[in-house]
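Residue-level structure breakdown
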Amino acid sequence: MYQGYFANHHEEELKRCNLEDGMDADCWPSFQKEYGGNTETFLRAALDLDHVLTQKETFQQRARSFNKLCGKMEKLIEEGIANRFQTFSIVVGDCVNEDKGLGAIYTSPSLENFTQKRLKLDRHT
């Protein structure tokens, strides 16, 4: 799975590892160390997101893909909360004209006031 992720995020991964040039095998150990037990979950979510962003779909297909991605993110966030991590995430479609309001905000319960007070956002924004 990491090979596919590395192919899509080659420059980002080299920068994260402070390398000018390299292959997936050079970055994999530090990637595993950084994400630990969540490595596979992160890779699946990232590859799904890459698929959603590059796939040409009808709006209905895109909405289904978006909702599927959001469902996976909710599970990942719940897992993070269970492990005492705080989460703040905004997911939106990348084209306003095509995506017609595809968007979601996810926060840990302790961060809900943050979005309302600091960002002036509510669930209907």
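Above this text is the structure in question.
Numbering of residues begins from 1 in every chain and follows the order in which that chain's sequence is written. With the structure being a predicted model, the display of local features is reserved for residues of pLDDT at least 70 and the display and counting of side-chain atom pairs for 80 or more, all residues being used for whole-chain, interface and lining totals. Think of the side-chain values as coming from all heavy atoms in the structure, minus any hydrogens and water.

1. Overview of the nonpolar core
- Throughout, nonpolar core names a set of buried Ala, Val, Leu, Ile, Met, Phe, Trp, Tyr and Cys residues whose side chains join them through atoms within 4.5 Å. The buried label applies to any residue whose accessible area, calculated with a 1.4 Å probe on protein chains only, is under 20% of its type's maximum; exposed applies above 50%, and partly exposed to all values in between. If you look at the biggest cluster of nonpolar residues, it comprises ten residues: Ala63, Phe66, Leu69, Cys70, Met73, Ile77, Val91, Leu102, Ala104 and Tyr106.
- Looking at this core, the elements with two or more residues in it are α5 (59-82) and β2 (103-107).
- Among the elements that line this core, the one with the most residues is α5, at six residues.
- In this analysis, two residues are considered to be in contact whenever any of their non-hydrogen atoms come within 4.5 Å of each other. Every residue in contact with Cys70, bar those within four places of it in the chain, is listed here: Ala104 and Tyr106. Strands here are runs of E lasting at least two residues and helices are runs of H or I lasting at least four, both read from the DSSP assignment and numbered beginning at the N terminus.

2. Observations regarding the packing of aromatic side chains
- In this analysis, rings of Phe, Tyr and Trp, with Trp reduced to its six-membered ring, are considered paired at centre separations within 6.5 Å, and the interplanar angle assigns stacked below 30 degrees, edge-to-face beyond 60, and tilted for intermediate values. Taken as a whole and judged by the stated rule, the model has ten aromatic pairs.
- Centroid distance Phe31 to Phe42: 5.8 Å. Interplanar angle 55°. Geometry classified as tilted. Pair noted here: Phe31 is in helix α3 (residues 24-35) and Phe42 is in helix α4 (residues 39-54), with a separation of eleven residues, a long-range link.
- Judged by its relative accessible area of 23%, Phe42 is partly exposed.
- Through pairs of rings, three or more aromatic residues link up here, namely Tyr2, Tyr5, Phe6, Trp28, Phe31, Tyr35 and Phe42.

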